[in-house]
Amino acid sequence: MTDHAILFTPVSAGALSLRNRIVMAPLTRSRSSEQGVPPDFAADYYAQRAGAGLIVSEATNISAQARGYAMTPGIWSETQVGAWRRVTDAVHGKGGLMVLQLWHTGRISHPDLHDGALPVAPSAIRPVGQAFTLGGLKDHVTPRALETDEVAAIVEDYRHAARCARDAGFDGVEVHSANNYLLEQFIRDSTNARTDRYGGSVENRLRFPLDVVRAVTDVWGGGDRVGIRISPATTMPGETPLDSDTMGTYTAYLDALAPFGLAYVHAIEGITQQTRDAPAGVDFVALRRHVTGAYIGNNTYTADLAADALNEGKVDAVSFGRPFIANPDLVERLRTGAPLADAPKQYWYGGGANGYSDWPTVSG
Ligand SMILES: Cc1cc2nc3c(=O)[nH]c(=O)nc-3n(C[C@H](O)[C@H](O)[C@H](O)COP(=O)(O)O)c2cc1C
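Residues numbered from 1 in each chain as written. Predicted model: local features only at pLDDT ≥ 70, side-chain atom pairs only at ≥ 80, totals over all residues. Heavy atoms only, no water.

1. Focus on the overall build of the protein
Our working definition: Only DSSP runs of H or I covering at least 4 residues are called helices, and only runs of E covering at least 2 are called strands; the numbering of each starts at the N terminus. Throughout, radius of gyration means the C-alpha value; the globule benchmark is 2.2 Å times the number of residues raised to the power 0.38. Each residue is assigned to one of three classes by its accessible area relative to the maximum for its type, calculated with a 1.4 Å probe on protein chains only: buried under 20%, partly exposed between the two thresholds, exposed over 50%. Note on contacts: a residue pair qualifies if any of its non-hydrogen atoms lie within 4.5 Å across the two residues.
Of regular secondary structure, the protein possesses 10 helices and 14 strands. For 364 residues, the compact-globule estimate of 2.2 N^0.38 gives 21 Å, and the protein sits close to it at 19 Å. Counting only residues that meet the buried cut, the protein has 58% of its 364 residues in that class. Once local pairs closer than 6 in sequence are excluded, the contacts in the protein between residues at least 24 apart make up 72%.

Shown next, in the form of structure tokens:
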């Protein structure tokens, strides 16, 4: 029988001291106002989940241009900072630890979210699929390729957002470099066909993400409260093809991140929400050897898989996404072996407190 005890032992990630190794993965729930302000009941929702060793907030737009999904929160205005402050106060009141995930969706967006303007991306390559707009699902469009000098301006947006996150009382930030949003669109040669200093060689394709990490760690006084999320093997969303040399590119990325002394790398292993199996040639154990700081594994973990990975030393912590939706007391349920509730998809995105901050705990 798998020994689960290790799940409930403390672990450090940089300056973050996690009281257990169960991390709440970032979960977009699309309940913010059109101005990107989280609702009051977001404080209840996150505080209910403060038993996690670390909460990673839902992906949060660094600027208006960053938006790609209706009703997602932002972290660039004073009103947004004030609303997030209520959330961090509530989580801290329960002894929890919370970082904010910094997001720019790039091409995974729609003109309806930008007053009719095209979403921006490294290159004008259209994603497959549909965007979540206020008017419902709409086909993705071909984005506008960023001008060279616009890229540096986005780095400044990250710097501003990182400052706002600090002002809002977060314990740190997670740079969202996963799931084929803007940072990963620059990294992969399948979405970056640029010929300037941000495209072509691996070094050039990594330039923008590394500039972002530099700006964010500058704001936070170093890397020990900054994590990064990566997903080298995922094709979601947009049916985005993998890089032509996943191991080479992401090994170079991790090596280039090492000098920043990041608190952790949060890796989505396999295809997000679908399978832990990585395509041939993509090896997360090998990638992990290039990680400095803690390594948080994610994707379709169960308590048994998590405990095995921890006991084998493959991960330092494991994050759970979907299980946290309907189980605010997930840590307690894993500790006691209580059954897990299932959250029907209708509650995932949009709506109010129902299906969000009203899931019961085992103890009622
Ligand atoms: C409703 C929902 C919203 C999500 N939102 C985010 C997000 O905001 N940022 C992110 O990096 N991943 C997001 N993900 C991916 C999850 O963090 C996680 O990687 C994925 O669900 C696999 O983990 P799990 O099997 O434990 O759910 C989301 C997943 C779901 C189901």
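2. Section: the nonpolar core
Stated precisely, the cut-off is as follows: Here, nonpolar core means buried Ala, Val, Leu, Ile, Met, Phe, Trp, Tyr and Cys residues that are tied together by side-chain atoms lying within 4.5 Å of each other.
Counting 87 residues, the largest nonpolar core has Tyr46, Ile75, Leu102, Phe208, Val216 and Tyr253 as the members making the most contacts within it. Sequence-distant contacts of isoleucine 75, defined by excluding residues within four places in its chain, comprise Thr60, Asn61, Ile62, Gln80, Val81, Trp84, Leu100, Leu102, Ala161, Cys164, Ala165 and Ala168. Of all hydrophobic cores here, the second largest spans 14 residues; its members include Leu16, Leu18, Val99 and Ala263.

3. Some points on helix α8 (residues 303-311)
The following threshold applies: Starting at the helix axis, one direction is taken to each C-beta atom, and the arc is that of these directions.
Listing the buried residues of α8 in full gives Ala303, Ala306, Ala307, Ala309 and Leu310. Each buried residue of α8 sits inside an arc of 165 degrees when the element is viewed along its axis, so together they form one side. Where the residues of α8 are buried, they touch β14 (317-320) and α10 (330-336). Within two residues after α8, glycine 313 carries a phi angle of roughly 75 degrees, on the positive side.

4. Some words on the packing of helix α5 (residues 202-219) against helix α6 (residues 246-257)
Condition: Only the contacting stretch of a helix is used when fitting its axis, a line to C-alpha atoms as for every element, and angles between N-to-C directions run 0 to 180 degrees. Any angle between 65 and 115 degrees counts as roughly perpendicular, while under 35 counts as roughly parallel, over 145 as roughly antiparallel, and the rest as oblique. Throughout, a crossing is termed right-handed when the near helix is turned clockwise from the far one, and left-handed when it is turned anticlockwise from it by less than a right angle. Gly is put with the polar residues, along with every residue not named as nonpolar or charged; the nonpolar set is Ala, Val, Leu, Ile, Met, Phe, Trp, Tyr, Cys and Pro, and the charged set is Asp, Glu, Lys and Arg.
Orientation of α5 relative to α6, taken along the N-to-C sense of each, is 40 degrees, at an axis distance of 10 Å. If you check the angle between α5 and α6, you find them oblique. By crossing handedness, the relation of α5 to α6 is classed as right-handed. In this structure, α5 contributes Val202, Arg205, Leu206, Pro209, Leu210 and Val213 to the contact, and α6 contributes Thr249, Ala252, Tyr253, Ala256 and Leu257. Of the residues that constitute the contact of α5 with α6, the class distribution is 9 nonpolar, 1 polar and 1 charged.

5. Quick look at unusual backbone geometry
With an omega of -20 degrees, the peptide bond running from methionine 236 to proline 237 counts as cis. Here proline 237 shows up in the loop between β11 (226-230) and α6. In the Ramachandran plot, asparagine 180 falls in the positive-phi region, its phi being about 60 degrees despite a non-glycine side chain. If you check the backbone angles, threonine 300 has positive phi at about 55 degrees while not being a glycine. The residue threonine 300 is located in the loop between β13 (294-298) and α8 in this model.

6. A word on the site of the ligand
What counts here: Only a single heavy atom is needed: when it lies within 4 Å of a molecule or strand, its residue is near that molecule or strand. Residues adjacent in sequence count toward polar contacts only when both atoms are side-chain atoms; beyond that, a polar contact is any pair of N or O atoms within 3.5 Å, and within protein one must be able to donate a hydrogen and the other to accept it. Calculation of accessible area relied on Shrake-Rupley with a 1.4 Å probe; when residues are assessed, cover is drawn exclusively from the protein chains displayed.
Residues in close proximity to the ligand total 21 residues, the closest being Thr28, Arg229, Asn298, Thr300 and Arg322. At 3.1 Å from an oxygen atom of the ligand is found a side-chain nitrogen or oxygen belonging to histidine 176. One nitrogen or oxygen atom from the side chain of asparagine 298 is found 2.6 Å from an oxygen atom belonging to the ligand. In the complex, the protein chains occlude 97% of the 610 Å² of accessible area that the ligand would expose alone.

7. Description of the packing of aromatic side chains
Operational definition: Working definition: a ring pair exists when centres of Phe, Tyr or Trp rings (six-membered ring for Trp) sit within 6.5 Å. Plane angles under 30 degrees give stacked, over 60 give edge-to-face, the rest tilted. A ring is considered to have a charge above it if a Lys NZ or an Arg CZ atom is located within 6 Å of its centre and within 35 degrees of its normal.
One pass over the full model with this rule turns up 14 aromatic pairs. Their ring planes at 75 degrees and their centres at 6.2 Å tell us that tyrosine 69 and tyrosine 181 sit as a pair that is edge-to-face. Here tyrosine 69 is found in the loop between β4 (54-61) and α2 (78-93), whereas its partner tyrosine 181 is found in the loop between β10 (172-177) and α4 (182-187), with 112 residues between them in sequence. Like tyrosine 69, the residue tyrosine 181 is buried in the burial classification. Measuring from ring centre to ring centre gives 6.4 Å for phenylalanine 132 and tyrosine 349, while their planes differ by 45 degrees; the resulting arrangement is tilted. Of the two residues, phenylalanine 132 is situated in strand β7 (residues 130-133) and tyrosine 349 in the segment after α10; the sequence distance between them amounts to 217 residues. Taking the relative accessible area as the measure of exposure, phenylalanine 132 reaches 22% and is therefore partly exposed. Members of the aromatic cluster, connected to one another through ring pairs, are Phe41, Tyr45, Tyr46, Trp84, Phe170 and Tyr356. In this structure, arginine 276 is placed above the aromatic ring of tyrosine 301, and the distance from its NZ or CZ to the ring centre is 4.0 Å.

8. Let's talk about the pattern of salt bridges
Here the idea is simple: oppositely charged side chains can pair when their charged atoms come close. Selection criterion: Basic side-chain nitrogens of Lys or Arg form a salt bridge, by our definition, when they fall within 4 Å of a carboxyl oxygen of Asp or Glu.
Applying the stated rule across the entire model yields 15 salt bridges. Residue arginine 159 pairs with aspartate 218 through a salt bridge whose shortest N-O separation is 3.6 Å. Residue arginine 159 is found in helix α3 (residues 148-167), and its partner aspartate 218 is found in helix α5; the two are separated by 59 residues along the sequence. With a closest N to O distance of 2.7 Å, arginine 194 and aspartate 196 form a salt bridge.

9. Overview of the pairing of strand β8 (residues 136-139)
Here is the rule we go by: Between any two strands, at least two bridges found by DSSP are needed for them to pair.
Note: β7 against β8, 4 bridges, orientation antiparallel. Paired with alanine 131 across the two strands is lysine 138, which belongs to β8. Two successive antiparallel strands, β7 and β8, enclose a turn made up of 2 residues.

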